Amino acid sequence: MKPRSIGIVAGGGGPLGSFSVLGDIISECQRKYNSCRSYEFPCINFFSYPYAETMLPDNPSEIPSRELSYCIQQLKLIGMEIIVVPCFTMSSYLKYRSYGVELIEAGTMMQWHLEKNKIKNPLVICSNRTRQSGYCNKYFECHYPNDSIQKEISSLIEEALTGKRINIQPLLDKLPDGPIVCAMTTLNAQMEEINDPRWINPNKLIAEYVVYRSYEGTFGSEESLQTGYIEIQREAASM
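We now turn to the structure provided with this report. (Residues numbered from 1 in each chain as written. Predicted model: local features only at pLDDT ≥ 70, side-chain atom pairs only at ≥ 80, totals over all residues. Heavy atoms only, no water.)

### What to know about the overall build of the protein chain
Step number 1: Tallying secondary structure elements over the protein chain gives ten helices and seven strands in all.
Step number 2: Whereas a compact globule of 239 residues would reach a radius of gyration of roughly 18 Å, the protein chain reaches 17 Å, a difference of no more than 12%.
Step number 3: The principal-axis extents of the C-alpha atoms in the protein chain amount to approximately 50 × 40 × 35 Å.
Step number 4: When burial is assessed residue by residue, the protein chain has 54% of its 239 residues classed as buried.
Step number 5: Pairs at least 24 residues apart make up 67% of the contacts formed inside the protein chain by residues separated by at least 6 positions.
Step number 6: Approximately 11,500 Å² of the protein chain is accessible, and the part contributed by carbon and sulfur atoms is 50%. (Helix = DSSP H or I, 4+ residues; strand = E, 2+ residues; numbered from the N terminus. Rg over C-alpha atoms; globule rule 2.2 N^0.38 Å. Buried < 20%, exposed > 50% of the residue type's maximum accessible area, 1.4 Å probe, protein only. Contact = heavy atoms within 4.5 Å. Areas by Shrake-Rupley, 256 points an atom, 1.4 Å probe, with all protein chains shown as cover.)

This is the structure we're talking about:
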C-alpha cells in the first residue's frame with residue numbers, strides 16, 4: 001500500500017523553517033522506510049503562501065486565519081490526506097480544524113511528545129506572537145524567558161528569517177537548566193549544530209510523526225487521536 005499523501009503549510013514568518021521540515025520528512029522516509037526512488041516516497045506538496053503579517057504580537061486581524069484555512073482547503077482539494085502546520089506562530093491562527101483530513105498542528109504534537117516523555121513545564125523559545133497568543137499554554141504547562149532574553153530571541157529570529165546561520169550557544173549559556181522547547185521552526189532550521197540535552201527540536205519530532213502516519217496510519221485510526229486532539233475537534237464542532 002502506498003504511503004498517504006502529505007501537505008505542508010509553510011510558516012507565517014517565512015517558508016524557510018517549514019521547508020526544513022520538508023527535508024526532515026524526506027530524510028525520515030529514507031531512514032525508517034528505506035525510501036530511495038520517487039515511487040517509494042509519499043506524494044508531498046509544500047504550500048507557501050504570502051500571508052498577511054502574522055508575527056505581530058497582538059494582531060487582531062482575522063485575515064491570517066482565513067488565509068491559513070484557504071491553504072488547508074487547497075491542499076485537501078488536490079488530494080492531500082495528511083496536512084501538517086509545523087509552525088507554532090501559524091498554528092496560533094488556527095480557528096477551525098474539522099476539514100475531513102488528518103490535521104497535525106504544532107501544539108498537539110508537542111503536547112503528545114512532552115506527556116509521552118514525562119517532560120514538565122519546559123522553557124519555551126518562540127516568537128512574540130506565539131508567546132502572547134497563549135497558544136502553547138493551551139496544550140501544555142510551560143514558562144517563558146524574561147523580557148531581556150525574549151528581546152535577544154526576537155533578534156535571532158529576525159536574523160534567521162533572512163537565511164543567516166545562527167550561533168545559539170551564547171543564548172543557551174544564559175538559560176537555566178531544564179528542558180527547552182524551541183517553538184520557532186526557522187531558528188531550528190538555521191542554527192549551527194548543537195549538542196545540548198536540554199534542547200527539544202519540534203521540527204524533527206513533527207517530521208517523524210508525519211512520516212509514521214503516512215506509511216502506517218489511516219485517517220480516524222486511534223493513533224491519530226493524540227492527547228487533546230479529540231477535545232480540540234469537539235470544541236471546533238461546538239463553535
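Read on, since the account is not over.
### Things to note about the sheet that holds strand β7 (residues 199-200)
Step number 1: Reading across from one edge, β5-β6-β7 is the order of the three strands in this open sheet, with parallel pairing throughout. Edge positions in the sheet fall to β5 (123-125) and β7, since each of these pairs with one other strand and no more. (Pairing = 2+ DSSP bridges.)

### What about the packing of helix α1 (residues 16-33) against helix α9 (residues 202-216)?
Step number 1: Taken N-terminus to C-terminus, the directions of α1 and α9 make an angle of 50°; their axes are 8 Å apart at the nearest point. One way to sum up the angle between α1 and α9 is to call them oblique. The element α1 and its partner α9 pack so that their crossing is right-handed. Where α1 abuts α9, its residues Gly17, Ser20, Val21, Asp24, Ile25, Glu28, Cys29, Lys32 and Tyr33 lie against Asn203, Lys204, Ala207, Glu208, Val210, Val211, Tyr212, Tyr215 and Glu216.
Step number 2: The residue makeup of the contact of α1 with α9, split by class, is nine nonpolar, three polar and six charged. (Axes fitted to C-alpha atoms, helices over the stretch in contact; angles between N-to-C directions. Parallel < 35°, antiparallel > 145°, perpendicular 65-115°, else oblique. Left-handed = near helix turned anticlockwise from the far one by under 90°. Nonpolar A, V, L, I, M, F, W, Y, C, P; charged D, E, K, R; others polar.)

### Remarks on the pattern of salt bridges
If the charged atoms of two oppositely charged side chains come close together, the side chains can form a pair.
Step number 1: Under the defined criterion, the tally for this structure stands at seven salt bridges.
Step number 2: Between Arg97 and Glu105 there is a salt bridge; the shortest N-O distance is 2.6 Å. For the pair Arg97 and Glu105, one class covers both residues: buried.
Step number 3: One salt bridge connects Glu152 with Lys174, and the closest N-O pair in it is separated by 2.9 Å. Placement of the pair is Glu152 in helix α6 (residues 147-161) and Lys174 in the loop between α7 (169-172) and β6 (180-182), with a sequence separation of 22 residues.
Step number 4: Taking relative accessible area as the criterion, Glu152 reaches 24% and is therefore assigned partly exposed. (Salt bridge = Lys/Arg side-chain N within 4 Å of Asp/Glu carboxyl O.)

### As for the nonpolar core
Step number 1: Of all hydrophobic cores here, the largest spans 33 residues; its most connected members are Ile25, Met110, Val124, Cys136, Phe140 and Val210.
Step number 2: Of all the elements in the fold, those that place two or more residues in this core are β1 (6-9), α1, β3 (82-85), α4 (106-116) and α9.
Step number 3: Excluding anything up to four places from it in sequence, Val124 contacts Cys136, Phe140, Cys142, His143, Tyr144, Pro145, Val181 and Ala183.
Step number 4: The next biggest cluster of nonpolar side chains, apart from the first, holds 19 residues, and it includes Leu123, Leu156, Leu171 and Cys182. (Core = buried A, V, L, I, M, F, W, Y, C linked by side-chain atoms within 4.5 Å.)

### A few points about the pairing of strand β4 (residues 102-105)
Step number 1: Burial of β4 is two-sided: the residues Glu102 and Ile104 facing one way and the residues Leu103 and Glu105 facing the other way are all buried.
Step number 2: Relative to β4, β3 runs parallel, the two being bridged by four bridges. Across the sheet, the residue bridging to Val85 is Glu105, located in β4.

### Topic: the sheet that holds β3
Step number 1: If you walk across this open sheet you meet the four strands as β2-β1-β3-β4, and the pairing is parallel. Two strands lie at the open edges of the sheet, namely β2 (44-47) and β4, each paired on one side alone. Neighbour-to-neighbour, the strand axes of this sheet turn through a mean angle of 20°, independent of strand direction.
Step number 2: Sheet analysis places β1 next to β3, joined by three bridges and oriented parallel. Note that in β3 the partner of Ile8 across the bridge is Val84.
Step number 3: Sitting on the sheet, helix α2 (residues 63-77) is in contact with β1, β2, β3 and β4, with an inclination near 160° to β1.

Don't take any of this as a statement about function, it's just geometry.
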